[in-house]
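Spelled out from the first residue to the last, the chains are:
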Amino acid sequence: MAFGLWKRTGETAARTTPSQVLPKALQQLGEGISCISLSEQPSSGANRVDDAVVSALASAMAGNNSLTSLQLDRNQLGDNAAVSLAAALKTNHSLKSLDLDF
């Protein structure tokens, strides 16, 4: 799995698990994080991004104004993740790209 965080002022890439990158992402959302990529890579095996991870991220992005891209493609997300993202998008107006492609 490849995970990354990109700041507007530069690039900081982190290749780690969602449980490791999510706390940092949540902490820094207000500090200019513009892209979060939690895309499942085909060769990595079991999916580690689940509805709970996406729900926590959605809660943090609800009032955020710096996040413009969220990449969750190739993850097997369920209804709870979709509901959480939809609720966050009611108040988050900065997100321009949401990739949920499977």
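Residues numbered from 1 in each chain as written. Predicted model: local features only at pLDDT ≥ 70, side-chain atom pairs only at ≥ 80, totals over all residues. Heavy atoms only, no water.

K.L.:
Sorry if this is basic, but what is going on with the side chain of Asp73 here?
P.N.:
For Asp73, the position within the fold is in the loop between β4 (69–71) and α3 (79–89). For Asp73, a relative accessible area of 8% puts it in the buried group. Of the polar contacts made by the side chain of Asp73, one reaches the side chain of Ser39; its length is 2.5 Å. Residues contacting Asp73, with those up to four places away along its chain left out, are Leu38, Ser39, Glu40, Asp99, Leu100 and Asp101. (Helix = DSSP H or I, 4+ residues; strand = E, 2+ residues; numbered from the N terminus. Buried < 20%, exposed > 50% of the residue type's maximum accessible area, 1.4 Å probe, protein only. Polar contact = N/O pair within 3.5 Å; in protein donor to acceptor, adjacent residues only side chain to side chain. Contact = heavy atoms within 4.5 Å.)

K.L.:
What's the story with the environment of Leu38 in this structure? I'm lost.
P.N.:
Mapping Leu38 onto the fold places it in strand β3 (residues 33–39). Of the residues examined, Leu38 reaches a relative accessible area of 1% and is grouped as buried. Sequence spacing of Leu38 and Val54 is 16 residues, and the spatial spacing of their C-alpha atoms is 9.5 Å.

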